[in-house]
Amino acid sequence: MSVLTLRERTRKTAAGASGGARRWSSRLTGVAFVLPAVALFLLMGVYTIASGLALSFAKWNGFTPRWIWVGVRNYLDLLYADPVLAAELRRAAGHTLQVMVAVPLLTVAIALPLAVALNSVGRLRAVFRTVYFLPYVTTGIAVYFAWRYVLEPDGAVNLLLRATGLGSLAQPQGFLGNPSTALPTLIVVLVWSSVPVATLLYLSGLQAIDPNLPEAAQLDGAAPRHVLRHVTWPLLRPITAAIVLLGIRDALHGFQVFLVMTRGGPGGHSDVLGLMAYRLSFFKGLAQTLGLASALGWLLFAAALLLTLVNARLLRAVR
Amino acid sequence: MSGSRTARLLAYAGLAGYALVSLYPFLWMVSGAFKDRLEILRGGGLIPEAPTLATLTSTWSRLHFFDYFLNSLKVTGLTVAGVLVVYSLASYAFAVLDFPGRRALFWMFVSLLFVPGITMLLPVVVLEKHLGILGTHLGLVLPFVNGTAPLTVLLLTNSFRAVPGELRDAARCDGAGDLRIYLSVYLPLARPAHVTVAVLTAVPTWNEYLLSRVSLSDPSRYTLPIGLESLISSEVPRYNEVMAASLIIVLPVVALFLFLQRYFVNGLVGALKG
């Protein structure tokens, strides 16, 4: 076998030395391998991105044959020029900001202790991990409807509160029907669905830590909580950063929970930016809001990019 | 020593407590799916007083969830197949072949990760209306496949790079072309990464709601999430049927997860570290 390959190899090099023909054919092979991906990308990626960007500078309702070019008016209208739209945007941005801060914070606050506990137990670890992971794999409309069901006025959560003597906390209109509890309730649901991945990441981070380090600290007389604070937590910082980054991205991009569970209601009290863009895109009938929707989409893109860059810069500074 | 025992007890208590939180909506989903119409209206406890399979069977057949199930299976299957074929070939090229614009193309695919879905959604719908595929299953599969590009290309390119280059040289010398080398050397070695990509594609596709909702208008083409949505849009939703339908959506995903758990876990950790 090795003799044969050796002989083949010499023959091949002799033939290949003759010219660039082989290099050309290998380049063509490369192009042929990426061709389907690139074709799809040109159609579904480049074309849609370009046309979406163009549309953000026009007015259109999706039915008339022509777009009316308006320059940057859509962006200005959204940001301040149109009092109704700008107020709607500001309210949605405020809610988005609350989600962006609260969800990563609460997720870290729950997932880290959970991962530490999970890492410390020997038995049942696999079982707990599987159970914790369910909210992630099932994320979607089915689970959100289940949440809606338990949060109904006569739903399980109110039932539980009344049965345990916490009836004063129960919500007679349902947790999603009360303007002051709708957004916090949705934040809880979002935290519930983002804890699985965060716990998993922390667990893998904890398992990658050299077990001698915490042990050495403990031998030097450090209490367990000090070990956690001064040894483990700094070592897990990159993972915390990843979780926060994911949370921020989801807060800006994600709005499915809001669409399925409240549609931004009651009375806009749980409206977020993504949902506003979706509404401008698909729920406005013949009104010319598609350009506005595109512009809002690009504002979201810019915000996400900016936050990612700031975050990367901060991370580098910390390191 | 007793201090560490208390700590362990506390750890178990905390873990069990959160396990309940994690399972909470699922418990009520199962409970609701086994209640009949009268009992669901009365509310009542977690354990149904007169558990019945009738709600599930009527949702499955009378409310056409069997048809929606087949549609979902078709869309998910085609999407996974498309992703595996298209991006596996491309990733092989990115990882081992040399061609003009290789780096630029690779980063173009990956940078798509930063474009929010909502920014793409409207132009995709407009484009599909022009092409006449809006509302068809093809009109769902194409953007779904394209949407997985960033993560898939990252994961598969990394897995192909991990294959030792000597194997390719040796196969070359035996006279194998690149397609042959890809199929018989690289693909088998990178199989775990492909399974990971398949499960990480299948689950979100199965649950997809935003594009499906604005494109599917013909009930005979509904996927499961849209079928479920049509149940709740009536004035007074019958929560036992809604929960039965939800259970039908969730069960296959849970089964897939239980069988292929390690691929989910490796994939997520790998994707976020990459």
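Residues numbered from 1 in each chain as written. Chains lettered and ligands numbered in written order. Predicted model: local features only at pLDDT ≥ 70, side-chain atom pairs only at ≥ 80, totals over all residues.

**Student:** Could you give an account of the UniProt feature "transmembrane region" (unreviewed entry) in chain B, naming the residues involved and the relevant values?
**Tutor:** Residue and element names in this part refer to chain B. Listed under "transmembrane region" (unreviewed entry) in the UniProt record, and renumbered for this structure, are residues 9–28, 75–97, 104–127, 133–156 and 242–264. From the first C-alpha to the last, residues 9–28 spans 28 Å; its make-up is 100% helix and 0% strand. The distance from the first to the last C-alpha atom of residues 133–156 is 30 Å, and the span holds 79% helix and 0% strand. (UniProt positions renumbered as here; feature names shortened; annotations may be inferred. Helix = DSSP H or I, 4+ residues; strand = E, 2+ residues; numbered from the N terminus.)

**Student:** Tell me about the interface of chain A and chain B, residues and numbers included.
**Tutor:** Each side of the interface is counted separately: chain A has 74 residues, and chain B has 76 residues. Looking at the side of chain A that touches chain B, the element that brings in the most residues is helix H2 (residues 21–55) of chain A, giving 20 residues. (Contact = placed C-beta atoms within 7 Å.)

**Student:** Before we move on, can you summarise helix H7 (residues 137–147) of chain B with the specific residues and values?
**Tutor:** Counting buried residues in H7 of chain B gives nine out of eleven residues, a clear majority hidden from the surface. Residues of H7 of chain B that are buried include every one of Gly139, Leu140, Val141, Leu142, Pro143, Phe144, Val145, Asn146 and Gly147 of chain B, and no others. (Buried ≥ 20, exposed ≤ 12 C-beta atoms within 10 Å, placed from the backbone.)

**Student:** Describe the environment of Pro214 of chain A, and please don't skip the residues or the numbers.
**Tutor:** All names here are of chain A. Secondary-structure assignment places Pro214 in helix H9 (residues 212–219). Of the residues examined, Pro214 has 18 C-beta atoms within 10 Å and is grouped as partly exposed. With 13 residues separating them in the primary sequence, Pro214 and Val227 have C-alpha atoms 6.1 Å apart. Apart from residues no more than four positions distant in its own chain, Pro214 is found in contact with Val227, Val231 and Thr232.

**Student:** With reference to specific residues and values, describe the UniProt feature "domain: ABC transmembrane type-1" (unreviewed entry) in chain A.
**Tutor:** Following the UniProt record, the feature "domain: ABC transmembrane type-1" (unreviewed entry) maps to residues 93–311 of chain A here. As annotated, residues 93–311 of chain A has a helix share of 75% and a strand share of 0%, and its two end C-alpha atoms lie 20 Å apart.

**Student:** Tell me what's going on with the UniProt feature "transmembrane region" (unreviewed entry) in chain A, and back it up with residues and numbers.
**Tutor:** With numbering aligned to this structure, UniProt lists the feature "transmembrane region" (unreviewed entry) at residues 31–57, 97–118, 130–150, 182–203, 235–252 and 286–310 of chain A. The span residues 130–150 of chain A is 86% helix and 0% strand, and its two end C-alpha atoms sit 23 Å from each other.

**Student:** I'd love a proper account of the nonpolar core, names of residues and values included.
**Tutor:** Counting 160 residues, the largest nonpolar core has Ala146, Leu186, Tyr202, Ala277 and Leu296 of chain A together with Ala90 and Met243 of chain B as the members making the most contacts within it. Considering every element that reaches this core, the biggest residue donor is helix H8 (residues 179–208) of chain A, with 16 residues. Two domains each put at least three residues into this core: domain 1 (17–69) and domain 2 (73–318) of chain A. (Core = buried A, V, L, I, M, F, W, Y, C linked by C-beta atoms within 7 Å. Domains from an automatic or database assignment.)

**Student:** Describe the domain arrangement of chain A, with residues and values.
**Tutor:** All names here are of chain A. Along its sequence, chain A is organised into domain 1 (17–69) and domain 2 (73–318). Relative placement of domain 1 and domain 2: their C-alpha centres are 34 Å apart. Of the residues lining the interface, eleven residues belong to domain 1; the matching set on domain 2 comes to ten residues. Among the secondary structure elements, those contributing two or more residues to the side of domain 1 that touches domain 2 are H2 and strand E1 (58–59). Here the side of domain 1 that touches domain 2 takes three residues from H2, the largest share from any one element. Considered class by class, the residues forming the side of domain 1 that touches domain 2 number six nonpolar, four polar and one charged. (Nonpolar A, V, L, I, M, F, W, Y, C, P; charged D, E, K, R; others polar.)

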